[in-house]
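Residue strings, one per chain:
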Amino acid sequence: PASRARGGGTPPGEESAAMAPLLDALLEAMPAPAVAPEAPFAMLVSMVSRDPYLGRIVTGRVMAGSAGVGDRLKALGAGGEPKPAGVGASADGLARVAKVLKRRGTESVEIERAVAGDIVSLAGVGGASVTDTVCAPEVGEALPATPIDAPTLAMTFSVNDSPLAGKEADGSPRKGGAVLTAAKLGERLAAEAETNVSLRVRPAEGAGEAFEVQGRGELHLGVLLETLTREGYELSVSPPAVLYREGEDGELAEPVEEVMADVADEHAGAIIEALTQRLGELQDMSSGLPGGRTRLSFRAPTRGLVGFRAQFVGITRGTGVATRRVLGYERKRGALGGLRSGVMVSMADGAATLHALGALEQRGTLFIEPGDACYAGMIIGENAREGDLDVNPVRAKKLDNMRTQSKDEKVRLQPPRRLTLEDAMGYVAADELIECAAGAVRLRKRLLDPSKRKRAAR
């Protein structure tokens, strides 16, 4: 047709005919799935979801046999150990299939029976998780599965208890309210852990109504934090902490990652310096690549890579590409050098003033602007020197009838450095917390009272 000659789309009514040769070729070339239709039912779980009416739903490929609504099944762990079948299971540990669902296009439809080779979802077998085997009662061996990687970072989540909890950046009441109870936060984290298989949640030791959340890296935990804040939760979050293990020789071992960076030739030196400061070891360097590029391969500990992505983007001006993957655990390396200077900490409550910030700008980089609400213990900027500096950002200019050139001088401030959640995770120190709310990320000291901080530092 003329439309094809001009590069247009397929005319209506000809779609099925045009795709038929391709679909026929796929049927002829692709081998049938390696399944055992006559064996007892066995399905390897590859995904877990939750439905408000059906409860926990497990999805996977049926590798053997068939199962339908009403059949009694059990769950086996990756090692073959029996697992709880979930709510509604019988005394012998068997669960009854409530529904069998299959995807057709973009919709999920109910079917009576799943046979070997199908990819289906089963409702009613709530005790199974990813890498588990859902099978008939007579099956005693689990299907082979790739184990789930263990978490490498942990953060402590608690409800926001700062003076700005439930308020906007200017101190006004937050529109739509906020979730500020530990019970609600615990329920939400438990629900997330059910479907997010690489996430682990448990009560934090010695931290009151707080929860230790373990994940596969800062991106994994950052996505969870962003999701919670969009749902209305306000949190105080601790700095990311690496999960150590005991090595084969009895010494402490830490997770180590491989970093592959593809950068412009003029940025290679700065990237090497930045990763070396983070205890990285250069493994390979390929220069002279097309387009004036250099490829770097590093081996670095996970604790040194927290916050590196933002630094990488800044150095390369967004032109670099970096990938990371966990290699395993190795003997713990030396102490990580200081990657930042001190901070400026507010010692008063109120709205920041132009007069006060104009004097403080000479001492470092500001995180706030005039009009932003502050409270004692809140971090408002980075000190240009080592050590923390207590400042008063709400000091107002005294008004009198004296006129001088210095008093009438107009104050001009540089735009403040607004920290994103990812920036804050790599910037926050051990004695500080990240305050997460919808549209706002703030840093604060764990102890808001300056006298208590001085006593704790002794």
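These figures come from a predicted structure and were not determined experimentally. Numbering of residues begins from 1 in every chain and follows the order in which that chain's sequence is written. The predicted origin of the model limits local features to residues at a pLDDT of at least 70 and limits the giving and counting of side-chain atom pairs to 80 or more, whereas totals for whole chains, interfaces and linings rest on all residues. Side-chain metrics rest on all non-hydrogen atoms present in the structure, leaving aside hydrogens and water.

Asks: If you had to explain the packing of aromatic side chains to someone new, which residues and values would you point to?
Replies: The description of an aromatic ring pair rests on the distance of the ring centres and on the angle between the ring planes. Between rings of Phe, Tyr and Trp, where Trp is taken as its six-membered ring, a pair exists when centres lie within 6.5 Å; planes separated by under 30 degrees are stacked, by over 60 edge-to-face, and by other angles tilted. Applying the stated criterion to the full structure yields two aromatic pairs. Look at F308 and F312: their rings are 5.8 Å apart centre to centre, the planes differ by 50°, and that puts the pair in the tilted class. Taken together, the residues F308 and F312, both in helix α7 (residues 308–316) and four residues apart, mark about one turn of the helix. By the burial criterion, F308 is buried, and F312 matches it. An angle of 80° between the planes, with centres 5.8 Å apart, marks the rings of F367 and Y427 as edge-to-face. Highlighted residues: F367 in the loop between β24 (364–366) and β25 (373–374) and Y427 in helix α9 (residues 421–427), separated in sequence by 60 residues. Categorising residues by exposure relies on relative accessible area from a 1.4 Å probe, with only protein chains included: less than 20% of the type maximum marks a residue as buried, more than 50% marks it as exposed, and the intermediate range marks it as partly exposed. The class of F367 is buried, set by a relative accessible area of 8%. The exposure class assigned to Y427 is buried, which follows from its relative accessible area of 8%. Every helix listed is a DSSP run of H or I at least four residues long, and every strand listed is a run of E at least two residues long, numbered separately from the N terminus.

Asks: Outline the nonpolar core, supporting the account with residue identities and numerical values.
Replies: As used in this record, nonpolar core signifies buried Ala, Val, Leu, Ile, Met, Phe, Trp, Tyr and Cys residues forming a set joined through side-chain atoms within 4.5 Å. The biggest cluster of nonpolar side chains holds 31 residues, and the ones touching the most others in it are F157, L185 and I434. Elements that contribute at least two residues to this core include exactly β12 (153–159), α3 (182–195), β14 (210–215), α4 (218–230), β15 (235–237), β22 (343–346), α9 and β28 (432–437). Beyond its immediate stretch of four places on either side in the chain, L185 contacts F157, S158, V159, F211, L228, Y233 and L235. In this structure, A64, V97, V125 and A128 belong to the second largest nonpolar core, which totals 27 residues. The contact definition used throughout considers only heavy atoms, calling two residues in contact when any of these lie within 4.5 Å.

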